[in-house]
Amino acid sequence: MSTESRIEPTGWVGWVWFAGIMLITIGLMDAFQGLIALFNDTFAVAVEAGVLVVDLTTWGWIHVILGVVLILTGIGVLGGNNWARVLGVIFVIINLLAQLSVIGIYPWWAVIVIILDVLVIYALVVHGGEAAAV
C-alpha cells in the first residue's frame, strides 16, 4: 500500500485563482499595450531640452510576447501546474521591480500594482499547492 500525501484544498485556494486571473489580466493589458505601440510606433514627449522622440517597435514586441507568456502562465496557475507557479512568481517579481522605476511618475498606480503583485506572490507561494488538488 502506498500512502499519497495529498493536499486538501481549503478556502484559501481562492487566492490561487485570484493570482491566475490577475496574471491573465496583466498579460492581456501588456499585450494590448504592445499592440498599441506596434500600430503607433512613434512617441513624442516635450522635455526641457526640446522634444524626445522614441521608436516603440521593440518595446511593443517585448510587451506582446510578455503578455502572451503571462496569459499562458495564468492559465497554467488556474490548472494547478507547478511550473506556472514558479514562472508566475518570477514574472510578478519583474513586474514589481518595474513599478519601482515609475513610482515617481505614477505613484498611486505603482503602489496599487505593487500591492497586487505582493498578493499574487503570496497566493502562489503559500497556497499554490492547493490548486492542484481541486
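These lines cover the structure that appears in this document, whether it is placed above or below. This structure is a prediction, so every number in the text was calculated from the model and none was measured.

1. So, the packing of helix H3 (residues 82-101) against helix H4 (residues 107-126)
Interaxial distance between H3 and H4 falls to 9 Å at its minimum, and their mutual angle equals 160 degrees. Taken together, the axis directions place H3 and H4 in an arrangement best described as roughly antiparallel. Where H3 crosses over H4, the two elements pack in a sense that is left-handed. On the side of H3, the interface is formed by Arg-85, Gly-88, Val-89, Val-92, Ile-93, Asn-95, Leu-96, Gln-99 and Leu-100, while H4 contributes Trp-109, Ala-110, Val-113, Ile-114, Asp-117, Val-118, Val-120, Ile-121, Leu-124 and Val-125. Here the residues of the contact of H3 with H4 sort into 14 nonpolar, three polar and two charged.

2. Quick word on the side chain of Arg-85
Structurally, Arg-85 is set in helix H3. A distance of 3.0 Å separates polar atoms of two side chains, one belonging to Arg-85 and the other to Asn-82. When residues no more than four places from it in sequence are discounted, the contact partners of Arg-85 are Val-77, Leu-124, Val-125, Gly-128 and Gly-129.

3. Remarks on the packing of aromatic side chains
On inspection of all chains with the given rule, the structure shows two aromatic pairs. The interplanar angle of 80 degrees and the centroid separation of 5.9 Å between the aromatic rings of Trp-15 and Phe-18 together place this pair among those described as edge-to-face. Placement of the pair is Trp-15 and Phe-18 together in helix H1 (residues 13-39), with a separation of three residues, close to one helical turn. A ring pair is formed by Trp-15 and Tyr-122, whose centres lie 6.0 Å apart and whose planes are at 90 degrees; its orientation type is edge-to-face. On the criterion of sequence distance, the pair formed by Trp-15 in helix H1 and Tyr-122 in helix H4 is long-range, its members being 107 residues apart. Counting every residue linked through ring pairs, the aromatic cluster contains Trp-15, Phe-18 and Tyr-122.

4. Notes on the environment of Met-29
Within the fold, Met-29 resides in helix H1. For Met-29, a relative accessible area of 40% gives the class partly exposed.

5. What to know about a nonpolar patch on the surface
A contiguous nonpolar patch, built from Ile-93, Leu-97, Leu-100, Ile-103, Val-111 and Ile-115 and spanning about 500 Å² of accessible area, is present on the exposed surface. Of all elements in the fold, only H3 and H4 reach the threshold of two or more residues within the nonpolar patch. Counting residues per element, the nonpolar patch draws most heavily on H3, at three residues. Within the secondary structure, Val-111 sits in helix H4. Taking relative accessible area as the criterion, Val-111 reaches 35% and is therefore assigned partly exposed.

The rules we used
- Residues numbered from 1 in each chain as written.
- Predicted model: local features only at pLDDT ≥ 70, side-chain atom pairs only at ≥ 80, totals over all residues.
- Heavy atoms only, no water.
- Axes fitted to C-alpha atoms, helices over the stretch in contact; angles between N-to-C directions.
- Helix = DSSP H or I, 4+ residues; strand = E, 2+ residues; numbered from the N terminus.
- Parallel < 35°, antiparallel > 145°, perpendicular 65-115°, else oblique.
- Left-handed = near helix turned anticlockwise from the far one by under 90°.
- Contact = heavy atoms within 4.5 Å.
- Nonpolar A, V, L, I, M, F, W, Y, C, P; charged D, E, K, R; others polar.
- Polar contact = N/O pair within 3.5 Å; in protein donor to acceptor, adjacent residues only side chain to side chain.
- Phe/Tyr/Trp six-rings, centres within 6.5 Å; stacked < 30°, edge-to-face > 60°.
- Buried < 20%, exposed > 50% of the residue type's maximum accessible area, 1.4 Å probe, protein only.
- Patch = residues over 30% accessible without salt bridge, like charges linked within 9 Å, V, L, I, M, F, W, Y side chains within 5 Å.
- Areas by Shrake-Rupley, 256 points an atom, 1.4 Å probe, with all protein chains shown as cover.
- Salt bridge = Lys/Arg side-chain N within 4 Å of Asp/Glu carboxyl O.

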